[in-house]
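A closer look at the structure
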2 protein chains.
Amino acid sequence: MSPAQRHPTMADVADRAGVSASTVSRTLRGLPTVSPEVRARVQQAARELNFAVSRQAASLVTGKTGVVAVLVPTLNSWFMGSALSSLGPLLRAAGRELNVYVIPDMTERTSFFERLPARRNADALLVFGFDLTDDETARLDDLGMPVIYVSQHAEGRPSVYVDDVAGALKATRHLLNLGHRRIAFAPTTGATGFSFSSRERLLGYQQALTEAGIPLDDELVVTMAFEDKRGLIAGVGHLLSLREPPTALFAEQDELAVAVIHTLRQARIEVPEQMSVIGFDDHQVAEWFDLSTVAQSPSDMGRQAGELALQLIDDSEADHTRHIVLPTQLIPRATTARRASPQEDDETPQTPS
Amino acid sequence: MSPAQRHPTMADVADRAGVSASTVSRTLRGLPTVSPEVRARVQQAARELNFAVSRQAASLVTGKTGVVAVLVPTLNSWFMGSALSSLGPLLRAAGRELNVYVIPDMTERTSFFERLPARRNADALLVFGFDLTDDETARLDDLGMPVIYVSQHAEGRPSVYVDDVAGALKATRHLLNLGHRRIAFAPTTGATGFSFSSRERLLGYQQALTEAGIPLDDELVVTMAFEDKRGLIAGVGHLLSLREPPTALFAEQDELAVAVIHTLRQARIEVPEQMSVIGFDDHQVAEWFDLSTVAQSPSDMGRQAGELALQLIDDSEADHTRHIVLPTQLIPRATTARRASPQEDDETPQTPS
DNA sequence: GTGAAAGCGCTAACAG
DNA sequence: CTGTTAGCGCTTTCAC
């Protein structure tokens, strides 16, 4: 209630325990060079005074802030939420604070890279899912702390990401195996900065088709955003109105997949009877909607990135170019099915009974 | 790449600009007592050296850390994501850092309240949506900084929350106005700590029924969690198997509402034809699914809470018991409809038309 | 308008 | 094992 009252200092604890400040410091940091009795006395004094070490003062002399910073485009997404929910406790367990920089738009972004507020205020920076320019990367390079790139590959710099190409391959092959030949891909707009994954997943999709001897068709790639209902209707409409409409669709994200399914069903197109749909993520919605998908684990990603950060902080000898690539897993559920009427050519009418 | 190189200090900047450290300090803090020419010289020197003030050193003397801490049960929810996505930039604009403590389980919680790592490391603490014990609240009271309770009412302490009772009233009245008399309420389990809202919304629901002269029926209140598919099936099954099943359902959250709708449709129950469903939140899913709901704005909440925090930090004279109660808004969409067959049973015939 | 000096609370040598 | 001494990099009097 009275935030004005001053915090006790180490000197206060030292007085009360009848020792010197150094001894208090040693005790509180758990150094072994303190006799058990003194240790006990100090700890009690500290407890009684409700004493807490000031990180500011400590870091002034140690040169370490005890803070790990993360740079994120938003917090309002399944991916970021999961990743940080695992990163947070991990850092906490290592006695570190988690500092978050949310950069939702271009203005904030410019100002962040101009001022680099993390400079001198963190021991490491985790950059999540931004598609950085070379200039921006260069700025981060001389931030004076390890910078870990998460959810994106950064040449010659530590990064942690999921194997998007392989995941997209799995998704597309799954559809191919079910007999589909006309397969659409729906990437989402890169506004939130996740375009690295978009590109990679498109690549995996294309590679799978090529492997199967199916020519690529740009008409089948339609960018949509799950927040944009009208865009969804337009996108789905476009696909359905093609001379040769797709019988399956691979959406870049589960949320988009679910939105597409909803749109299809409103147009009286049955899923999976008339159109198979597969997503990517294994987002929570996937389970309730029995959505086939390719699972990735953002919480693993957060954990790995956090561990890498701690390692790079503690050991400047560590490999600063390490890449950690995380696996994906195909999870077939109820929104993908064998192509309804496996007619023997591609021109023929698409009448599913 | 070489994180080992030391950061330049104010003394370095001072040397380069040919002034004293004090002048550098004054310039960089924007104090007016610096001549334009000197100011320019200092700023250039700082830029050239890529200098950034060390918060640690500054806070050691000012006593302010420049950090606002938040305590959250998880980051993996629409509510928290939205709230922090607005809080972050707001703090940034005020030159503050955002420090996040994620407390997902009881172990972390206990350890947080025992050690209070925020002590001395932040200027204010925002506590989001925990249902705190009296002991915990007492601990926070002598943290030595303003503590703002968000998404919950805390007696005699600054808090920011939405008017859940009024919101629930609106939702329930909406259903009543559509002719429904048997209305179910589905709260979610309080594991994530959002039980304050649960309780309040239940109250609003009950109040609306009472106003309408409808006796409360415990059978109609079924706790479900949207993550738990089997629980959903059981809960929905219970409601449908009642002697007198409900014709409408009010779900505590949109995500739950959507999951219930999905479960109902799988059981071949049409929404809204056979069962009206309304949610709470105006979560993003609500729009794609045309879900009727009661809107609240977590981003407003984050913003208000942030502003309150800044105010309490800067002005210790400010009212430390202020409560900010945010409004809700009924958003009728397509999942609620007039009761289908207005049979003349029960109390009074409800015949519209 | 600017500089000199003192000191914020801690840790890191160095003695003992 | 413990105390003493010196700063860490800033901001803040107080002179000028």
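Just so it is clear, the model here is predicted, and its values are computed rather than measured.

What counts, and at which threshold
- Along each chain, residue indices are assigned from 1 in the same order as the chain's sequence is written.
- As a convention, the first chain written is A and the first ligand written is 1, with the rest following in written order.
- Side-chain atom pairs in this predicted model are given and counted only at pLDDT of 80 or more, local residue features only at pLDDT of at least 70, and totals for whole chains, interfaces and linings cover all residues.
- Each side-chain value is worked out from all heavy atoms of the structure, with water and hydrogens disregarded.
- Runs of H or I in DSSP of at least four residues are treated as helices and runs of E of at least two as strands, each being numbered from the N terminus.
- Each residue is assigned to one of three classes by its accessible area relative to the maximum for its type, calculated with a 1.4 Å probe on protein chains only: buried under 20%, partly exposed between the two thresholds, exposed over 50%.
- The sign given to each residue is positive for Lys and Arg and negative for Asp and Glu; His and the chain ends receive no count.
- Here a salt bridge means any side-chain nitrogen of Lys or Arg lying within 4 Å of a carboxyl oxygen belonging to Asp or Glu.
- Polar contacts, as counted here, are pairs of nitrogen or oxygen atoms within 3.5 Å of one another; within protein the pair requires one atom able to donate a hydrogen and one able to accept it, and residues that are adjacent in sequence qualify only if both atoms are side-chain atoms.
- Every residue pair with non-hydrogen atoms within 4.5 Å of one another is taken to be in contact.
- Strands are labelled as partners when DSSP assigns at least two bridges between them.
- Every axis in this analysis is a line fitted to C-alpha atoms, fitted for helices over the stretch in contact. Angles between the N-to-C directions lie between 0 and 180 degrees.
- We call a residue near a molecule or strand when any one of its heavy atoms sits within 4 Å of it.
- Amino acid classes used here: Ala, Val, Leu, Ile, Met, Phe, Trp, Tyr, Cys and Pro are nonpolar; Asp, Glu, Lys and Arg are charged; the rest, including Gly, are polar.
- Overlaid copies result from least-squares superposition on C-alpha atoms, with residues included only where pLDDT is at least 70 in both.
- By this rule the span expected of a helix is its residue count minus one, scaled by 1.5 Å.
- Arc definition: it is the arc formed by the directions from the helix axis to the C-beta atoms.
- Here the quantity called buried area is the total loss of accessible area, with a 1.4 Å probe, experienced by two parts when brought into contact, counted for both.
- Here, the term right-handed applies to a crossover whose path from the first strand over the helix to the second runs clockwise when the strands point away from the viewer.

With that out of the way, let us pick up the side chain of R339(A). Residues and elements named next belong to chain A. With respect to the helices and strands, the residue R339 is situated in the segment after β11 (329-331). Summary of buried charges: R339 has no salt-bridge partner, and the nearest side chain of opposite charge, E244, is 7.2 Å away. Polar contacts involving the side chain of R339 include one to the main-chain carbonyl oxygen of G179, which spans 3.1 Å. What R339 contacts, discounting residues up to four positions off in sequence, is L178, G179, H180, R181 and T247.

We now examine the sheet that holds strand β7 (residues 248-251) of chain B. Backbone hydrogen bonds hold the strands of a sheet together, and the pairing may be parallel or antiparallel. Residue and element names in this part refer to chain B. In space, the 3 strands of this open sheet follow the order β6-β7-β8, with parallel pairing throughout. A strand with exactly one partner marks an edge of an open sheet, and here the two such strands are β6 (183-186) and β8 (276-278). For this sheet the average axis-to-axis angle between neighbouring strands, irrespective of direction, equals 20°. As paired elements, β7 and β8 share 3 bridges and run parallel to each other. The partner of A248 across the bridge, within β8, is S276. Sitting on the sheet, helix α9 (residues 195-211) is in contact with β6 and β7, with an inclination near 170° to β6.

What follows is about the environment of D290(A). Within the secondary structure, D290(A) is located in the loop between α12 (284-288) and β9 (293-295). Taking C-alpha positions, D290(A) is 5.2 Å from A334(A), a pair spaced 44 residues apart along the chain. There is a polar contact of 3.2 Å between the side chain of D290(A) and the side chain of K229(B).

Moving on, we get to the protein's contact with DNA strand D. In the vicinity of DNA strand D, 26 residues are found, and the nearest of them are S22(A), R26(A), V38(A), S25(B) and R29(B). Here the atoms of DNA strand D within 4 Å of the protein split so that 65% fall in sugar or phosphate, with bases taking the remainder. In this structure, S35(A) approaches DNA strand D through a main-chain N or O atom, which is 2.8 Å from a phosphate oxygen. Among the elements of the structure, α2 (21-28) and α4 (55-62) of chain A together with α2 (21-28) and α4 (55-62) of chain B are those that each provide at least two residues to the surface near DNA strand D. Per-element accounting of the surface near DNA strand D gives the leading share, 5 residues, to α4(B). Among the residues forming the surface near DNA strand D, the class breakdown is 11 nonpolar, 10 polar and 5 charged.

Another aspect to go through is the relation of the copies chain B and chain A. Between the two copies, chain B and chain A, the superposition gives an RMSD of 0.1 Å; the rotation angle is 180° and the shift along the axis is 0.0 Å. Expressed as an axis order, the relation between the two copies is that of a two-fold axis. Counting the interface residues of chain B, we find that 100% of their copies in chain A are interface residues as well, pointing to one common contact surface.

All names here are of chain A. For helix α3 (residues 36-49), spanning 14 residues, the distance from its first C-alpha to its last is 20 Å, which sits close to the expected 20 Å at 1.5 Å a residue. Of all the residues in α3, the buried ones are V38, R39, V42, A45 and A46. Buried residues of α3, viewed axially, fall in a sector of 135°; they line one side. In α3, the exposed residues that point more than 90 degrees away from the buried face are P36, E37 and R47.

Every contact between the two is made by 62 residues of chain B and, on the other side, 62 residues of chain A. Both sides together, the interface formed by chain B and chain A hides about 5,700 Å², and carbon and sulfur atoms give 53% of it. If you look at where chain B meets chain A, you find 2 salt bridges. Between K229(A) and D290(B) there is a salt bridge, with the nearest N and O atoms lying 3.2 Å from each other. Counting every contact that joins chain B to chain A gives 36 residue pairs in polar contact (both at pLDDT 80 or more). Mapped onto the side of chain B that touches chain A, the elements with two or more residues apiece are α4, α5 (78-93), β2 (97-102), α6 (106-115), α7 (134-141), α11 (254-266) and α12 (284-288) of chain B. No other element matches α5(B), which puts 8 residues into the side of chain B that touches chain A. Counted by class, the side of chain B that touches chain A contains 26 nonpolar, 20 polar and 16 charged residues.

Another point: the side chain of T27(B). Secondary-structure assignment places T27(B) in helix α2. Dropping the residues within four chain positions of it, T27(B) is found in contact with V34(B), R39(B), V42(B) and Q43(B).

Let us look at the pairing of strand β2 (residues 97-102) of chain A. Looking down a regular strand, the side chains alternate between one sheet face and the other. All names here are of chain A. Summarising burial for β2: 6 of the 6 residues are buried, a large majority. With burial as the criterion, each face of β2 is covered, one bearing E97, N99 and Y101 and the other bearing L98, V100 and V102. As paired strands, strand β1 (residues 67-72) and β2 are joined by 6 bridges and run parallel to one another. Within the sheet, the bridge partner assigned to A69 lies in β2 and is N99. Chirality of the crossover, the property in question, places the unit of β1, helix α5 (residues 78-93) and β2 among those that are right-handed.

Residue and element names in this part refer to chain A. Pairing is parallel across the open sheet formed by 3 strands, whose spatial order is β6-β7-β8. Each edge of the open sheet carries a strand with a single partner, namely β6 (183-186) and β8 (276-278). Taken pair by pair, the neighbouring strands of this sheet meet at an average axis angle of 20°, ignoring direction. Sheet contacts for helix α8 (residues 164-177): β6, β7 (248-251) and β8; angle to β7, the most-contacted strand, approximately 170°. Along the sheet face, helix α11 (residues 254-266) touches β6, β7 and β8 and points at about 160° away from the line of β8.

Keep in mind these values describe shape, not function.
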